[in-house]
Structure formats: C-alpha cells, structure tokens
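# Results of the structural survey
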Amino acid sequence: MENPQRKLSGEGRIMTKNKYLVRHHHHPHTRPMLRPQHICERYEARYAHRPLLLRAPGRINLIGDHTDYNQGLVLPAAIDRSLYFALGPHPDPQAVEVHSVNFDQTGRFPIDALHLDPSGWLRYFQAVCGELRERQYPLRGFRCVFGGNIPIGSGLSSSAALTCGLIVGLAQVQAWDIPLPEVARIAQAAEHRVGIRCGLMDQYAILFGRAHQVLQLDCRDLQVEHFPFDLGEYRLLLLNTKVEHELASTAYNDRRASCERVLEVLRAQHPEVESLRDVRPEQLTGQAPDLVEDLRRVRFVLAENERVRATTAALQRGDLPRVGQLLYASHEGLSREYEVSCPELDTLVELSRGEAAILGSRMMGGGFGGCTINLVRQDAVAELSQRLLAEYATRTGLVGEAYLVQPAGGLEILEPWVG
C-alpha cells in the first residue's frame, strides 16, 4: 500500500526537465495517422522548433462506479489508448494557441481569459489555465498540438487525459515542480469549472497507472494499491454504444446530489458519519418517505464498495469467473438502482449473457452512453465482436464499435523539454 500524497519524489513529483517520468517504449496500438511522432512533426511544421512530447492515457474502470465522489473504492487502470501533446512556449506571453489534430481545428484565447467556450474541446484548456492562474502559478503563453486515439464520449476519460496531460506539459515547459496528487486536484477542479463534478478516480488512474495492473484507489484517503491483472486467455473488449454523452448535461450531477441529501440527513442523526463510506446499511432504514429514491442510490454505492473488495480478492486468487459475476452484478445495480445506464448499454450487456466465451459485462464510466467492458476469451473476440454488434444494430439502429484494450503505464514524457 502506498500513499501518493506522501510520495513526493521519484514518480510522485513532476520535476523540471523531468528524468523520472521519461520512459521509452513503442505504441503498437496507436493508429498510423495519430502516432506520437506525427503530433510532434505537426507542431514543428507549424512553429519551427522542437516541443516537449508526452502521452496521457485514457482509462477503464474495471469496477466501482459512482463511488469515487462518495469517498469509496474504485478499481481503474490506465490503458493503451492515449492523447499525445506537443507543447512549447508562445512568443507572446499573454497568448494561447492550440491545434487539435483529430478535429483539424485551431483555438486561440488570451491567457487571462475569464470565460469558457460554451462547448467543445477548447474550454478544457481554458479551464486548466483558469485553475493554474487562480492557484498563483506563473502561467505564460504557450502553443500546443494534440491528438490521439481515445474515442470521444465513450467513457474512457478523454477529458481527464486532456487536463492531466496539459498540466504536466505546462509544468515541464514553464519550470514548475508539481506533486502528482496536486496535478490530479487541479485537473479535477478544471473539470468542475466545465460543469462535471467528477471525483479523482480518472486523474489518479491516468497519473499512477501501471502496465498489466489495476489500481485500487481509496477515495477517502487517496491510498493506492496496485493488483496484478493477469488476463490469461481472456481479453478486455470494449463495445461502444456510439451514444455520446456529455455528463454535465445529464443526470450525473443529480445522482451526486442524491447522495449528498442522504448524507446530510445521516450526519444529523449520526455525528460519526463523514461520508457514505462510514454509513452502515441499517442506518438507511426508517428514513423519510421523500428520500426513497435517494436511499436506493445510496444502497447501490454501499454494495459497489463491497464489489470492489470482492474483485480484488478474486484477482489475487486468479478467479476471473468470479470477476465476471461481479461485473454483471455491478451493471444490474448501475442500471436498476443508480439509474445511470441507458437502453443501448443494457442491450449490449443483455446480448453478452449466455455467451460461454464472455465471463462478465457491465457499463463503464459516468453512464448514459459510452462503452460496456467485457471479459472475453481471446479466441472468440473477433467472432463475438462482429455478431454482437450486428445484433445491436438490428435492435437499436446504431452502428457500434469494438476496441481491445489492455492496462498500460500512466502518463509519461516521451521527449523532454530542452528549450
């Protein structure tokens, strides 16, 4: 067990001209048009100097959804799909220019801009800049080219990869020393500015992920424990509903408000209760009738924490069938109790049931769209992907997508800043 808050050297701190996060390996799953070197070359073609180059991965969450902002347990992993950032200083210290390779769009704004664009990717850059200035970091103008192969709106935390990657890149180029837990908090606060009241799970997975491991994060004290994730003959298959969600405009924030209403009542009755993590199931009985819906959602959170514990125990035993059972149980709770699923997600999970080559399936992420995560036998991946998505299209009229992912290392600097 390690506490990243106390580990402020080595991998626990972003150092100037960082030697600690520079790792060298290839990226075989990166699409040809979005190689990290392609991002670097695009920057050099635009600005005629060598940038810093870094990778910020997406993340999956094996189990433990909507527990993070309730100080519960989560079990995410960084994955081998990433955003790549090429970044350097702007000659005008008051100017920001950002180019998205994926969208072939360029955005510009003054460093002291107080407003956010109403939608789109540029507002995340504006939100990060606002947070850094508010925290008294001496932010100067910069130029950035970025792109990657994290499917947008799929629940793989492209927004957290963007905010974490930008903060780490700016720390390098502008010579700040920032502990990784502080990077996570700034990135979280930037998403809050955009309107997404996320916890810290995504940021910690992206910053502290390890290859072939899952990360159990205790969101109460930010203790981190890594568990080997030996898939053996199985693989992690994501099936994308292609229903894109914007969490700020969905019921995500309403679900969080449900938990807060119950917590307020319980705190008045039980002074020892500081978060839902401290709540015992029997304390939920006998509450006011107008809390019935909120209480159902809180019961899900309590049960989901127990499923995280059961999953880590199963992983230590190498019991993947048990992990699969827990995935199905998690989806049932997310769909029926917490009510953050949608018909398309439920259809994909329903189609997986009864398939001998699938151990388990559930929706993943904030909900209302995105992907299901499936434990699938390797020799059946191609056939099942094609057949399930064909049936999904028949039932929903939507053309889904399939992605194989694997746990990968966390954020890394591929080429350090030498300017």
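The structure this text deals with has already been given above.
This section reports on the structure supplied with the text.

Within the protein one finds 10 helices and 14 strands. Computed over C-alpha atoms, the radius of gyration of the protein comes to 21 Å, within 12% of the 22 Å expected from 2.2 N^0.38 for 419 residues, which places it in the range of a compact globule.

A separate point is the pairing of strand E3 (residues 73–89). The element E3 is largely enclosed, with a buried count of 16 among its 17 residues. Both strand E2 (residues 52–63) and E3 contribute to a ladder of 10 bridges, which runs antiparallel. Bridge pairing links arginine 55 to tyrosine 84 in E3. Summarising the sheet, E3 and strand E6 (residues 142–148) pair through seven bridges and their orientation is antiparallel. In the strand pairing of E6, tyrosine 84 is matched with glycine 147.

By the secondary structure assignment, serine 361 is in strand E11 (residues 358–363). Excluding residues within four positions of it along the chain, serine 361 makes contact with Leu327, Tyr328, His331, Val349, Ser352, Thr372, Ile373 and Asn374.

This brings us to helix H7 (residues 292–317). With 26 residues, H7 extends 38 Å from end C-alpha to end C-alpha; this agrees with the ideal 38 Å at 1.5 Å per step. At the exit of H7 stands glycine 318, carrying a positive phi of roughly 70°.

In this section: the nonpolar core. Ranked by size, the top nonpolar core spans 114 residues in total, and within it Ile60, Phe125 and Phe142 carry the most contacts. Counting 16 residues, the second largest nonpolar core, distinct from the first, contains Val243, Tyr328, Leu348 and Leu384.

In this section: helix H2 (residues 122–134). With 13 residues, H2 extends 19 Å from end C-alpha to end C-alpha; this agrees with the ideal 18 Å at 1.5 Å per step. When you tally the buried positions in H2, you get 11 out of 13 residues, the bulk of the element. Looking at H2, one finds that the buried residues are Leu122, Arg123, Tyr124, Phe125, Gln126, Ala127, Val128, Cys129, Gly130, Glu131 and Leu132. On its buried face, H2 is in contact with E3, strand E4 (95–100), strand E5 (105–110), E6, helix H3 (158–173) and helix H4 (180–194). Looking one or two residues beyond H2, the residue adopting positive phi is glutamine 136, at roughly 70°.

All right, on to the environment of tyrosine 338 then. Here tyrosine 338 lies in the loop between helix H8 (320–336) and helix H9 (343–352). Residue classification places tyrosine 338 among the buried residues on the basis of a relative accessible area of 0%. As a C-alpha pair, tyrosine 338 and aspartate 65 span 273 residues in sequence and 10.0 Å in three-dimensional space. With near-sequence residues (within four places) excluded, tyrosine 338 lies in contact with His66, Tyr69, Asn70, Arg255, Arg256, Cys259, Arg297, Phe300, Val301 and Gly333.

Here alanine 48, not a glycine, exhibits a phi torsion of approximately 60°, which is positive. Tracing the sequence through the fold places alanine 48 in the loop between helix H1 (36–47) and E2. Of note, the phi angle at glutamine 136 is positive, near 70°, even though the residue is not glycine. Turning to its location among the elements, glutamine 136 is positioned in the loop between H2 and E6.

A few words on the side chain of asparagine 149. Checked against the element boundaries, asparagine 149 lands in the loop between E6 and H3. Within the structure, the side chain of asparagine 149 is placed 2.9 Å from the backbone nitrogen of serine 82, a separation counted as a polar contact.

Let us look at the sheet that holds strand E10 (residues 234–240). The strand order across the open sheet formed by four strands is E11-E12-E10-E13, and the pairing between neighbours is antiparallel. Two strands lie at the open edges of the sheet, namely E11 and strand E13 (401–405), each paired on one side alone. When the angles between neighbouring strand axes are averaged without regard to direction, this sheet yields 25°. Sheet topology note: the E11/strand E12 (residues 371–377) ladder contains five bridges and is antiparallel.

What counts as what
- Residues numbered from 1 in each chain as written.
- Predicted model: local features only at pLDDT ≥ 70, side-chain atom pairs only at ≥ 80, totals over all residues.
- Heavy atoms only, no water.
- Helix = DSSP H or I, 4+ residues; strand = E, 2+ residues; numbered from the N terminus.
- Rg over C-alpha atoms; globule rule 2.2 N^0.38 Å.
- Buried < 20%, exposed > 50% of the residue type's maximum accessible area, 1.4 Å probe, protein only.
- Pairing = 2+ DSSP bridges.
- Contact = heavy atoms within 4.5 Å.
- Expected span 1.5 Å × (residues − 1).
- Core = buried A, V, L, I, M, F, W, Y, C linked by side-chain atoms within 4.5 Å.
- Polar contact = N/O pair within 3.5 Å; in protein donor to acceptor, adjacent residues only side chain to side chain.
- Axes fitted to C-alpha atoms, helices over the stretch in contact; angles between N-to-C directions.

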